[in-house]
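Architecture and fold: a report
Take a look at the letters that make up each chain.
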Amino acid sequence: MRSWKEKEMTLDRESAIQVASVLSKALPYIQRFSGKTIVIKYGGNAMENEELKNSFARDVVLMKLVGINPIIVHGGGPQIGELLDKLSIPTRFVDGMRVTDSATMDVVEMVLGGLVNKDIVALINRNGGTALGLTGKDGNFIKARKLEIKDSMPEMRKSEIIDIGHVGEVEKIRKSVITMLTNSNVIPVIAPIGVDENGVSYNINADLVAGKVAEELDAEKLILLTNIAGLQDKGGNILTGLNGEQVEGLIEDGTIYGGMLPKIRCALDAVNNGVTSAHIIDGRVAHATLLEIFTDEGVGTLITNKP
């Protein structure tokens, strides 16, 4: 009969063999993506749970160490809402977008450009990486314009422009700012705040910023972390390995609807504009980004620009 010491040694050996097996299976993916750029939109549960925050930071550091260039674009909606409540600033939404007056924009800049951004940077640095935070105002990195929302009024046969304040869309990404950082072995952490030619700040949807950054840099992958397991069919099964034509068909038949539509459109725009693949993955899973990049199975939905 084996002693406890012998059993412990056997378990340690089996664990070591399992680790070696995982690393061996990941090798082809490491070789394939070394030197490539991967843009990750970071938000949702992954940004609020301490264990998931640390696993995400370690994933990003590991990606950099094996030669991949990760670029992080983060959200922060819940944190913005929390501070607005504390300051008794009312919040109103139009088509899922926060109406952003001057007072609200001040809070957005404090939270996104300050608290959240610096927390992510510190987390990556604490796990052995070298991260640097920036907003679109730094080096005029994100040139923005005011987003116009049209409210159709068929009974009056006209459309009305709804003013939602300092909410913007990306007009241009200044690529040189990012390449300067990645060439210096730095991991950029981007807050989705843009600025127009008059110096006015705008709050921009983080998915859209991530998609535009990925397009501008000809990224290998755009990864959107979400609070769901991925795109599902009407039976609840995860769909993956989709091309643009298939995605358009799923939109037309009503499989993709509601809050998933903007995210899917963002992914679709990216792959139609030079990004090799877009991934909508479950941020509630520890090490989700590594599982999606370095395994066959992945943890979400892959959309590709290939037929």
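Bear in mind that the values here come from a model prediction, so they are computed numbers and not experimental data.

Criteria and cut-off values
Position labels on residues start from 1 in each chain and follow its written sequence. Owing to the predicted nature of the model, reporting of local features is limited to residues with pLDDT of at least 70; listing and counting of side-chain atom pairs is limited to 80 or more, with chain, interface and lining totals taken over all residues. Side-chain numbers here rest on the full set of heavy atoms in the structure, without hydrogens or water. Cavities and pockets were defined on a 1 Å grid built from protein atoms only: a cavity is a group of points that admits a 1.4 Å probe but offers it no way out, a pocket is an open group of points flanked by protein on both sides within 12 Å along at least five of seven lines, and a lining residue is one with an atom within 4 Å of any such point. Grid points are joined across faces, edges and corners, and a volume is the space filled by probe spheres set on the points. Only Asp, Glu, Lys and Arg are considered charged in this grouping, and only Ala, Val, Leu, Ile, Met, Phe, Trp, Tyr, Cys and Pro are considered nonpolar; every other residue, Gly among them, is considered polar. Remark: exposure states derive from per-residue accessible area (1.4 Å probe, protein chains only) relative to the maximum for the residue type, with buried under 20%, exposed over 50%, and partly exposed in between. Only runs of H or I of at least four residues qualify as helices and only runs of E of at least two qualify as strands under DSSP, and these elements are numbered from the N terminus. Think of the arc as the fan of directions from the helix axis to the C-beta atoms. Throughout, a contact is declared for two residues whenever any of their heavy atoms are within 4.5 Å. One side-chain nitrogen of Lys or Arg within 4 Å of one carboxyl oxygen of Asp or Glu is enough to make a salt bridge. With axes taken as lines fitted to C-alpha atoms, and helix axes fitted only over the stretch in contact, angles between N-to-C directions fall between 0 and 180 degrees. Working definition: roughly parallel below 35 degrees, roughly antiparallel above 145 degrees, roughly perpendicular at 65 to 115 degrees, and oblique for all remaining angles. UniProt positions are given in the numbering used here, feature names are shortened, and annotations may be inferred rather than shown by experiment. In this description, a nonpolar core means a group of buried Ala, Val, Leu, Ile, Met, Phe, Trp, Tyr and Cys residues linked to one another through side-chain atoms lying within 4.5 Å. Strands were regarded as paired on the criterion that DSSP finds at least two bridges between them.

Taken as a whole, this structure holds one cavity of 30 Å³ or more when the rule is applied. Roughly 60 Å³ of volume is contained in the largest cavity. Every residue along the wall of the largest cavity is listed here: A46, L52, S55, F56, D59, L225, G283, V285, H287, A288 and T289. By residue class, the composition of the lining of the largest cavity is six nonpolar, four polar and one charged.

Structurally, the α-helix is built with 3.6 residues per turn, so residues lying three or four positions apart point the same way. For helix 5 (residues 175–183), the set of buried residues is V177, I178, L181 and T182. For helix 5, the arc enclosing every buried residue in end-on projection is 125°, short of the 170-degree limit, so these residues lie on one face. Facing away from the buried side of helix 5 by over 90 degrees, the exposed positions are M180 and N183. Among the structural elements, helix 2 (50–65), strand 2 (69–74), strand 5 (131–135) and strand 10 (187–191) are those in contact with the buried residues of helix 5.

Right, let's talk about the layout of surface pockets for a bit. Of the volumes computed, that of the largest pocket is approximately 1000 Å³. Lining the largest pocket are 35 residues, and of these K41, G96, N205, A206 and D207 sit closest to its centre. Elements with a minimum of two residues in the lining of the largest pocket: helix 3 (77–86), strand 4 (97–98), helix 6 (206–216), strand 13 (221–226) and helix 8 (260–272). Element by element, the count of residues in the lining of the largest pocket is highest for helix 3, at four residues. Here the lining of the largest pocket is composed, by residue class, of 15 nonpolar, 13 polar and seven charged.

Tallied over the full model, the rule gives 12 salt bridges. Between K53 and E50 there is a salt bridge, with the nearest N and O atoms lying 3.2 Å from each other. Taken together, the residues K53 and E50, both in helix 2 and three residues apart, mark about one turn of the helix. Since its relative accessible area comes to 10%, K53 is described here as buried. Of the charged contacts, one joins D282 and R284 as a salt bridge, the two residues approaching to 2.8 Å between their closest N and O atoms. According to the relative accessible area criterion, D282 is buried, its value standing at 8%. According to the relative accessible area criterion, R284 is partly exposed, its value standing at 41%. One continuous salt-bridge network, built from bridges that share partners, spans K143, R145, E169 and E171.

What follows covers the packing of helix 6 against helix 8. The contact between helix 6 and helix 8 brings their axes to 9 Å, and the two run at 5°. In terms of orientation, helix 6 and helix 8 fall into the roughly parallel class. For the pair helix 6 and helix 8, the contacting residues are D207, L208, G211 and E215 in the first and K263, C266, D269 and A270 in the second. Each residue belonging to the contact of helix 6 with helix 8 can be placed in one class, and the counts come to three nonpolar, one polar and four charged.

As annotated by UniProt and renumbered to match this structure, "site: Transition state stabilizer" (unreviewed entry) occupies K41 and K263. Sequence-wise these annotated residues cover 223 residues; spatially they are packed, their C-alpha atoms never more than 10.9 Å apart. From the list above, the largest pocket is lined by K41 and K263. As for its position among the elements, K41 is in strand 1 (residues 37–42). Apart from the residues within four sequence positions on either side, K41 is in contact with V73, G75, A206, D207, A210, I223, L224, L225 and K263. Assignment of secondary structure puts K263 in helix 8. A relative accessible area of 15% places K263 in the buried class. With near-sequence residues (within four places) excluded, K263 lies in contact with K41, D207, L224, T226 and I280.

Glancing now at the nonpolar core. One finds V39, F141, I190, V213, L222 and I264 to be the most contacted residues of the largest nonpolar core, which totals 43 residues. Considering each element in turn, this core owes the most residues, seven residues, to helix 8. In contact with V39, not counting residues within four places along its chain, are I71, V73, A210, V213, A214, A219, K221, L222 and I223. Formed by 41 residues, the second largest nonpolar core is a distinct cluster that contains Y42, I124, L225 and V299.

A few words now on the sheet that holds strand 13. Overall, mixed pairing links the eight strands, which are arranged 5-10-2-1-13-15-16-14 in an open sheet. Of all strands in the sheet, those with a lone pairing partner are strand 5 and strand 14 (242–243), marking the two edges. By the bridge criterion, five bridges tie strand 15 (residues 277–282) to strand 16 (residues 300–304) in an arrangement that is antiparallel. What sits directly across from A278, in strand 16, is I303.

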